[in-house]
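Understanding the architecture of this molecule
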Number of protein chains: 4
Amino acid sequence: MIIVTSIGATDSVIAHIVEHVERVGLRVNVSRGEQRTIIGCIGDHDKLIAANLMRLEGVEQVLKIGKPYKLASRAFASSPTHVSIGDAAGTVVGARELIVIAGPCSVEGRDMLHETARAVKQSGARALRGGAFKPRSSPYAFQGMGREALELLAEVRSETGLPVVTEVLDPRQVELVADFADVLQVGARNMQNFALLSEIGRSRKPVLLKRGLSATITELLMAAEYVLAEGNTQVMLCERGIRTYETSTRNTLDIAAIPVLKRETHLPVLVDPSHAAGQASLVAPLAMAAIAAGADGLLVEVHPDPTCAQSDGDQSLTFAAFDDMMRQARVVAGAVGRTIVAPSGAATPSAIAATATAEV
Amino acid sequence: MIIVTSIGATDSVIAHIVEHVERVGLRVNVSRGEQRTIIGCIGDHDKLIAANLMRLEGVEQVLKIGKPYKLASRAFASSPTHVSIGDAAGTVVGARELIVIAGPCSVEGRDMLHETARAVKQSGARALRGGAFKPRSSPYAFQGMGREALELLAEVRSETGLPVVTEVLDPRQVELVADFADVLQVGARNMQNFALLSEIGRSRKPVLLKRGLSATITELLMAAEYVLAEGNTQVMLCERGIRTYETSTRNTLDIAAIPVLKRETHLPVLVDPSHAAGQASLVAPLAMAAIAAGADGLLVEVHPDPTCAQSDGDQSLTFAAFDDMMRQARVVAGAVGRTIVAPSGAATPSAIAATATAEV
Amino acid sequence: MIIVTSIGATDSVIAHIVEHVERVGLRVNVSRGEQRTIIGCIGDHDKLIAANLMRLEGVEQVLKIGKPYKLASRAFASSPTHVSIGDAAGTVVGARELIVIAGPCSVEGRDMLHETARAVKQSGARALRGGAFKPRSSPYAFQGMGREALELLAEVRSETGLPVVTEVLDPRQVELVADFADVLQVGARNMQNFALLSEIGRSRKPVLLKRGLSATITELLMAAEYVLAEGNTQVMLCERGIRTYETSTRNTLDIAAIPVLKRETHLPVLVDPSHAAGQASLVAPLAMAAIAAGADGLLVEVHPDPTCAQSDGDQSLTFAAFDDMMRQARVVAGAVGRTIVAPSGAATPSAIAATATAEV
Amino acid sequence: MIIVTSIGATDSVIAHIVEHVERVGLRVNVSRGEQRTIIGCIGDHDKLIAANLMRLEGVEQVLKIGKPYKLASRAFASSPTHVSIGDAAGTVVGARELIVIAGPCSVEGRDMLHETARAVKQSGARALRGGAFKPRSSPYAFQGMGREALELLAEVRSETGLPVVTEVLDPRQVELVADFADVLQVGARNMQNFALLSEIGRSRKPVLLKRGLSATITELLMAAEYVLAEGNTQVMLCERGIRTYETSTRNTLDIAAIPVLKRETHLPVLVDPSHAAGQASLVAPLAMAAIAAGADGLLVEVHPDPTCAQSDGDQSLTFAAFDDMMRQARVVAGAVGRTIVAPSGAATPSAIAATATAEV
C-alpha cells in the first residue's frame, strides 16, 4: 500500500504515520514531494488491511497496489487450468474446444429432461444443465423438484453420457448434490455466500461459479479464492450479465469481463447469454459475441416448449433455435481458433460457413 | 397482468393469446385500440408468472400490475409493525422512539466489547451490535471470533441490559446464534440467500434484514416475504447504501428508500449510515438525513480505537464522535416528531438545540 | 502520480520508465519493494496526463494523487463562497440562511407564474425558478415558451422582488438569458457541455450548476472549474439525484454528496428533491434529509395545479403541500443550526416545532 | 397508456380519472378486475405526456405502451438505412460491408495524421477519424487544434481518399465543421445537447451519434429522433460503453445494445471498442465481439506512438496492433456473413482464417 499525506503534513504527523505502519510489521519508504509526502509500505500487505490508515491524521489517500487474489491469479499459475467434467474422459473446459452446456432452467419432469438432453446433445452440447433447487425472488414461485430432479439428472446422464451441471443453494445440500451432479453450480445470488463457497471448496467436484449481480471482477476472483483456498482447484467462472440502469435486457452482459478475466486468472471463463439477455431472440447474438471475445464455454437455457416453462421461459431457446445457434457458433468459434464438436453426420464447418454467410 | 399486442396483430393471433391465458385459469378483458389490442388478465396472477407471455406470437409488451409482496405490504397490515427486541420490555422498533443500535463491527475481545457497550449506552444507544461471524470478501481476512463472540455478547447484555444484534451467515448456525442473540441480522450479501431466510423465518427471534448491495426495494420486500411466509413476523428492514458508479463513498445511501418503504410496508425501516459512508466523517450527516427522512432507527459502528479495529476501522466512530452524533440526533429527531432517549443526567433536547445551533 | 511496476520488472525496464517521466519534465523517486518497484513522480502533474504511462512496458498500475480541481477546491479558498442573487441585497446562498428556490418546472403563462410566485414567496421561498427553454427527451414534447417566458419572469420579479433562476441550453442564448435572469441554471444534461460552460463562465451572472445524471462528484467539480476558470466565481452546485438501477424513484438522491462536496469545495451546495423523487409525495422527506445533511439551499418545483402541468406534473407540489414542506423545513433547519426566513405574520419556529411534533 | 387504479377505488374516483383523460381528447376503455380497475386510453398518446396521471386520486400505476420514437423506429422504415459517407461512391454504412473508421483521438499535427491515415487505409479502414475540437473533463487539458485540424483532415482526405469523421461540440461550429468533414460526430457527453442535435439536424451531412455515458437505448433513439425530425436522415448510432460500477474497464460495453438496436431501428449501428475498453489490449476482443453480435461498423483509435499521444494514449492501437485486429476482424466478419475490404495484395480471408486459427 501507498500512503499519500495531505498538503502541509508536518514532520511529527508523518512520523506518527510511519510508526503506525511499522508497528504492524512493515517497512516504509518515505518520499517527500513538493506538496505531499508519499509513504510506501513494504512487506506482507495483509497486515495492513486492518490498519485503518485513513483514520490517521495527515493521511489523504491510501492506494492499494497489487491484487488481493493469489491462488486465482496468473502469478500463481501462468498456464490455463483445464477442468474435466464427468467421469468419462473427454469433456475438458479451458482447452481449445469450446464447451457448450445446455438444458432447461428447471428440471420439470422425466420426459422433458430426456427429450431436452437428447436434443442438445444432438446439436453439439457437451453437458446438461438443469435446476433441482431454484433460487426464486418470490417464496410463492416454483422452487424446483429437489432430490427427485437430481435423480432424473443422473438417469439422463446414464442414458446420454452428458455430464450434469446443477445449482446448490445451501451448504447443507452440498453433499447430496455432489452425489448426483458432475458440476456444482453457484448462482449469482450466492456468489458471496461464503459458508456455501467454503463447503463447496471442501468437495472435490468441479465448480461453476457465476458472477454476482453487481459483483466486480475482483470480487468474483475473491469468491473463487474461497473455493480454491479450501483445496478445490476445479473452478470455472461464469459471466452472466450485471445489473445496470439499462432495462432493455434482463442484465447487461459485461463482454469485456472475458478478456479481463483471461488476463487476470488461469481459470476457465464461461458465459451465460440466456440470463444476460432475458429474451430468447438476443441469446444467439450474445453467444456469438462471447465466443468472439474468447470465452471457453457457454451455458444456455433450452426447453422443449418455452411457452410452458415453469421458469425462465422468456429466455429459453427451442430445440430448433438452439440448433441454429450451435451451427453459427461452430463457424464463429472457428474464426477465433476454437472448435465446437460437430454432431455425427453434420456438415463440416466450412460448408456451414458458406451457408451461414448466404443466409444473413 | 396486461398484455399489449404488436401493431397489426391479427384476430387469430389475438385469439391464440387469449386461449393461452385462459388455459392457466384466468379470465381476460380484450380492448381493441387504434393500433394495438390490450388484453387484461383477471384472476390469480401468480398463475401467470410462469406463463411466458413474451414468447407468444403477437405479444409486444407484458405489463405487471400490483405488487408481488403480500405479507409485507401495507394492504396486509395498514398499521406499523412494532418489533420488541430483548426480553425486558422497553426497546420497541417502529414506534415514536427512534432506536439507535451501536457497537463494534466485530467483537474483538471482552474488554473492548464491555467498554463499547457502556459508552454507547451512556450516549443513548438502545441495543448493542457486534459481529461474531464476519462475511469478508477475502478468505484471508479476519472472519470473526465465532461462538466466543456470542458468549461475550450475552455476557455484556447481562451487565448493561442492552439487547444484542449479531449477524448469522449460515443456515446451520441459526439455532446457535438465536441461543445468544436478541436480533438475527441478515447481511447485505445474504439478502437473497433463501435457505438462510427460510431458516430464520422458522426462528421466532426478531430479524434485521439488510438491503442487498444492488437489490431493488421490491427485492428487499420479497426477501422479507421469505421470512414472513415462514411465520416470523418480527422483521426490520435496513437501508445501508447501494452500489453505484460513484466512488467517493463506500456505497450510495438511497435516502429515498426510507419514505418509499414507509409507503409500501408496515415493517420498521432502519438505516446504517456507517456502511453507506465508509468514512467516519460522513456518518453523522448521513444519520441526520436518515432521521429527517423518517427512519425508525439507526445502526452505527463504534469502536474504542478505530485505528486498531480488525474490520471497518475507517468508518467506525470513536466514543466521543458517537456521543456528538447522538446529541445532534436527539435534536433532529425532535424536529420531525420522534424521540431519542436521553441518558440520565443529560441536558434536555431544547437546551441542546440551542447549543447545537450556536456551534454550527 | 505514482507508477507501480509489474512483478519482475528488470532494471532496464525501470530505467526506461524513469526516462519517459523525466522527458516530460518531472523528477522521480524510485522505491524498490520486495516484488514491485514504486516510482513517485514529482512536479507539475498536468504534464503527466498525456504521458500514457500504462502503455510503457513493465507498468502495472498508475495511481493518481491529489485532486484535479483547483479553483473549486478547499485548498484554493478555505472559507465558504457566498453567492448573492438578485440586485437587491439580501439573498445570499452559502451563509447561515438556507435559501429555498421554488416555482414551476416550465413557465406556462402570466397568470400561473404570478400566482405561483406570490404563493411561494408567502411560504418563505427566496427566489423563483421557472423554465423558459426546456430540454426534453422527445423533440415532440413542449419545449418551453422561450423569450416570452423570460419576459414574464422579469415582470414577476418586478412585482414580487424575487430573483429569477432559469435554465440556459445553448451558448448562443447565454446573453439573452442573462439579460433577464438573476441566475443561469445549467441542467443535468448539459453538465459537460463545455461550450456552454465556457460561455457562462464569461458572463458575470451567478450560476446554478446541476450534477449530471451519472456524473461523479469529481466531474461535477471539474465542470464548475470550467466556469471558474473563465472568471465567473459565482457558482452554486446542485445535487439532483443520479441514475442507478433502482426504479422506485426517478433518480437516486445521493445525499452523501452534500457532506462530500462541503469537504471538497468552498462553493455552496443546493439540492433539488423534486427531480430526485419524481413523485410529489417524496419531495418533503427528501428535502428534510437534504437540510439535515447540510445543504445550503433547495430547488423545488411548485405548480398551481400539478394535474395540468405541461411538464413534471408528477413531482410538482401544490401551494398547500409546499407550504407544509416549508413549515417543516424551518424546524429541521433550526435543528441543524440553519435558518429559513419566516413569512411575515408567521408563527415563530419554536411554536411550529411544537405543532409539527404533535402532528407526526 | 394504461391506468391501473388502486385497490378499492370507488366509482366516483374512477369517473374522475376517466373525465380527466377524456378532457385531453382521448377515449377510454374501462375494465373492472377483481381488485383493480384498468383504464386503457385510446388515441394520440402525446396528449397524455402532460396529463400527470399519477397525481390523480386513485391512480396506482401508469403503464406506457408503444415506443416514443417514430422516425427512428422499424415501424417507420422496415428496411435498413444505408448511409453513404464521403463524396466518392463506395463507403456505405449499414450494408453487407462492415465499415471500419480509424484514426487518432486528436489531430496533433500534419505528419502524424498523414502517417496514420495511410497506415489505417492500408489495413482496410474505410474512413478516417480525428478530433479537432475535444471535449475534456478538465479545462486545463489539451482542447484540440480546432480549425487547423479541420484543414489537415481535409488535406489528408484529398491525399488518401478516406472520408473524414470529426466531432462537433458547439452549435455555432456546425457550419464550420460541416465545411470540412464528411461525417459530424456527436460525442457521448453531448447526446442530449438538444441545441446541438437540432442544428446538426438542419445540416445535410451524415451524423455519427454516440450513446451517452448513462443513456438508455430509448434515450439514444430519441436523440436520433431530434436529428431526424429536422430532416437529416443520415444518422448512424454508436455504442461506446456505459457507466457502471465496474472499474476494470473505462466503460462497460453494452454488447446487447447491438441486437436490441437492430430490432428497434433501421439506422446503422457502430461500436467504439476503444472508449469502452480504455486499454489497448482489450480493443481487439471487444471489436471481435461487436462484429459477431452484428455491428455495422467500428470506430477505432489508432496512433503512430500511443505513449506520446496527447489524449487517449492508453487505449490507442499502434499501426501493427490495428493491422492484427483488422486481419482477425476480416475472418470474424466472414463468419457472420459480413465483409471487410482487404487491402490490395492481401491474402484472401480463408487463407487468413487458417493462419489465425493456427496462431491462437
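Residues numbered from 1 in each chain as written. Chains lettered and ligands numbered in written order. Predicted model: local features only at pLDDT ≥ 70, side-chain atom pairs only at ≥ 80, totals over all residues.

1. Focus: the overall build of chain A
If you tally the helices and strands in chain A, you get 12 helices and 14 strands. Oriented by its inertia axes, the alpha-carbon framework of chain A measures out at about 75 × 50 × 40 Å. Per-residue burial over chain A gives 59% buried out of 360 residues. Pairs at least 24 apart in sequence give 65% of the contacts found in chain A among residues at least 6 apart. (Helix = DSSP H or I, 4+ residues; strand = E, 2+ residues; numbered from the N terminus. Buried ≥ 20, exposed ≤ 12 C-beta atoms within 10 Å, placed from the backbone. Contact = placed C-beta atoms within 7 Å.)

2. Examining the sheet that holds strand 13 (residues 269-271) of chain B
All names here are of chain B. Read around the barrel, eight strands follow the order 7-8-9-10-11-12-13-14 and close on themselves; strand pairing throughout is parallel. On average, adjacent strands in this sheet sit at an angle of 25 degrees to one another, irrespective of strand direction. Here three bridges tie strand 9 (residues 164-167) to strand 10 (residues 183-186), and the two strands are oriented parallel to one another. Each residue of the ladder has a partner; that of Val-165, found in strand 10, is Val-183. On the sheet, helix 7 (residues 217-229) packs against strand 11 (207-210) and strand 12 (235-239) and is oriented at approximately 160 degrees with respect to strand 12. (Pairing = 2+ DSSP bridges. Axes fitted to C-alpha atoms, helices over the stretch in contact; angles between N-to-C directions.)

3. Thoughts on the nonpolar core
Of all hydrophobic cores here, the largest spans 420 residues; its most connected members are Val-332 of chain A, Val-332 of chain B, Val-332 of chain C together with Val-332 of chain D. Dropping the residues within four chain positions of it, Val-332 of chain A is found in contact with Met-288, Ile-291 and Ala-292 of chain A together with Ala-292, Val-332, Ala-335 and Val-336 of chain D. (Core = buried A, V, L, I, M, F, W, Y, C linked by C-beta atoms within 7 Å.)

4. So, the sheet that holds strand 4 (residues 59-63) of chain B
By definition, the strands of a sheet pair up through backbone hydrogen bonds, in either a parallel or an antiparallel sense. Residues and elements named next belong to chain B. The four strands lie next to each other as 2-3-1-4, forming an open sheet whose pairing is antiparallel. Of all strands in the sheet, those with a lone pairing partner are strand 2 (27-32) and strand 4, marking the two edges. Between one strand and the next, the sheet's axes are offset by a mean angle of 20 degrees, whatever the strand orientation. Bridging between strand 2 and strand 3 (residues 37-42) involves six bridges; their strand directions are antiparallel. Of the residues in strand 3, the one forming a bridge with Arg-27 is Ile-42.

5. Regarding the packing of helix 11 (residues 319-335) of chain A against helix 11 (residues 319-335) of chain D
At a minimum axis distance of 8 Å, the contact between helix 11 of chain A and helix 11 of chain D shows a crossing angle of 170 degrees. Overall, the two elements helix 11 of chain A and helix 11 of chain D adopt an arrangement that is roughly antiparallel. Residues Val-331, Val-332, Gly-334 and Ala-335 of chain A of helix 11 of chain A form the contact with helix 11 of chain D, whose participating residues are Val-331, Val-332, Gly-334 and Ala-335 of chain D. Its residues assigned to classes, the contact of helix 11 of chain A with helix 11 of chain D shows six nonpolar, two polar and no charged. (Parallel < 35°, antiparallel > 145°, perpendicular 65-115°, else oblique. Nonpolar A, V, L, I, M, F, W, Y, C, P; charged D, E, K, R; others polar.)

6. Details of the relation of the copies chain B and chain D
By a simple turn and slide, chain B fits onto chain D: the slide is 0.0 Å along the axis, the RMSD is 0.0 Å, and the turn is 180 degrees. Here the symmetry operator amounts to a two-fold rotation axis. Rotation axis and chain B: the residue whose C-alpha lies nearest the axis is Tyr-245 of chain B, separated from it by 2.1 Å. Comparing interface residues between copies, 100% of those in chain B also sit at the interface in chain D, which points to an isologous, same-surface contact. (Least-squares fit on C-alpha atoms with pLDDT ≥ 70 in both.)

7. Some thoughts on the interface of chain B and chain D
Where interface size is quoted, it is often the accessible area lost as the parts come together. Opposite the 19 residues of chain B that make contact, chain D presents 19 residues. Residue contributions to the side of chain B that touches chain D peak at three residues, all from strand 3 of chain B. By residue class, the composition of the side of chain B that touches chain D is nine nonpolar, seven polar and three charged.

8. Notes on the relation of the copies chain A and chain D
Mapping chain A onto chain D leaves a residual RMSD of 0.0 Å; the transformation is a rotation of 180 degrees accompanied by 0.0 Å of translation along its axis. A share of 100% of interface residues in chain A that are also interface residues in chain D marks the association as one of identical surfaces.

9. Concerning the interface of chain A and chain D
Contact with chain A, which involves 39 residues of that partner, is made by 39 residues of chain D. Of all elements in the fold, only helix 8 (257-264), helix 9 (273-277), helix 10 (280-292), helix 11 and helix 12 (349-359) of chain A reach the threshold of two or more residues within the side of chain A that touches chain D. Top contributing element to the side of chain A that touches chain D by residue count: helix 10 of chain A, with seven residues. Partitioned by chemical class, the residues of the side of chain A that touches chain D number 26 nonpolar, 10 polar and three charged.

10. A few points about the packing of helix 3 (residues 110-123) of chain C against helix 4 (residues 147-160) of chain C
Residues and elements named next belong to chain C. Direction vectors running N to C along helix 3 and helix 4 enclose 40 degrees, while the axes themselves pass 10 Å from each other. The angle between helix 3 and helix 4 places the two elements in the oblique class. Classified by chirality, the crossing of helix 4 by helix 3 is right-handed. Across from Arg-110, Leu-113, His-114, Ala-117, Arg-118 and Lys-121 in helix 3, the residues of helix 4 making contact are Leu-152, Val-156, Glu-159 and Thr-160. Across the contact of helix 3 with helix 4, the residue classes break down as four nonpolar, two polar and four charged. (Left-handed = near helix turned anticlockwise from the far one by under 90°.)

11. A word on the pairing of strand 1 (residues 2-5) of chain B
All names here are of chain B. Judged by which residues are buried, strand 1 turns out to be covered on both faces: Ile-2 and Val-4 on one side and Ile-3 and Thr-5 on the other are all buried. Here strand 1 runs beside strand 4; their pairing, made up of four bridges, is antiparallel. In the strand pairing of strand 4, Ile-2 is matched with Leu-63. Sheet topology note: the strand 1/strand 3 ladder contains three bridges and is antiparallel. Opposite Ile-3, over in strand 3, you have Ile-39 as the bridge partner.

12. Considering the domain arrangement of chain A
Segmentation of chain A into domains returns domain 1 (2-63) and domain 2 (83-359). Look at where the C-alpha atoms of domain 1 of chain A and domain 2 of chain A centre, and you get two points 46 Å apart. (Domains from an automatic or database assignment.)

13. Thoughts on unusual backbone geometry
Backbone geometry places Asp-312 of chain B, a non-glycine residue, at a positive phi of 60 degrees. On the secondary structure map, Asp-312 of chain B appears in the loop between strand 14 (297-301) and helix 11 (319-335).

14. Comments concerning helix 1 (residues 11-23) of chain D
Residue and element names in this part refer to chain D. The terminal C-alpha atoms of helix 1 lie 18 Å apart, and with 13 residues this matches the ideal 18 Å at 1.5 Å per residue to within 8%. Within helix 1 the residues assigned to the buried category are Ile-17, His-20 and Val-21. On an axial view of helix 1, the arc spanned by its buried residues comes to 95 degrees, and they lie on one face. Those residues of helix 1 that are exposed and angled more than 90 degrees off the buried face are Asp-11, Ser-12, Ala-15, Glu-19 and Arg-23. Residues of helix 1 that are buried sit in contact with strand 1 (2-5), strand 2 (27-32), strand 3 (37-42) and strand 4 (59-63). Once helix 1 finishes, Gly-25 follows within two positions and takes phi at roughly 100 degrees, a positive value. (Expected span 1.5 Å × (residues − 1). Arc of directions from axis to C-beta.)

15. Points about the pairing of strand 3 (residues 37-42) of chain A
Among the six residues that make up strand 3 of chain A, five are buried, leaving the element largely enclosed by the rest of the structure. Linkage of strand 2 (residues 27-32) of chain A to strand 3 of chain A, two consecutive antiparallel strands, is achieved through a turn of four residues.

16. With respect to the environment of Ala-229 of chain B
With respect to the helices and strands, the residue Ala-229 of chain B is situated in helix 7. For the pair Ala-229 of chain B and Leu-71 of chain B, spaced 158 residues apart in sequence, the C-alpha separation works out to 7.3 Å. For Ala-229 of chain B, the residues in contact, after removing those within four places along its chain, are Pro-139 of chain A together with Leu-71 and Gly-201 of chain B.

17. Focus: the confidence of the model for chain A
Residue and element names in this part refer to chain A. Across chain A, pLDDT averages 91, with 93% of residues at or above 70. Overall, residues 346-360 carries pLDDT values under 50, and its contacts beyond four positions in sequence, including any with other chains, amount to 18 contacts. The ipTM value of the predicted complex is 0.93, and its pTM value is 0.94. (pLDDT = per-residue confidence, 0-100.)

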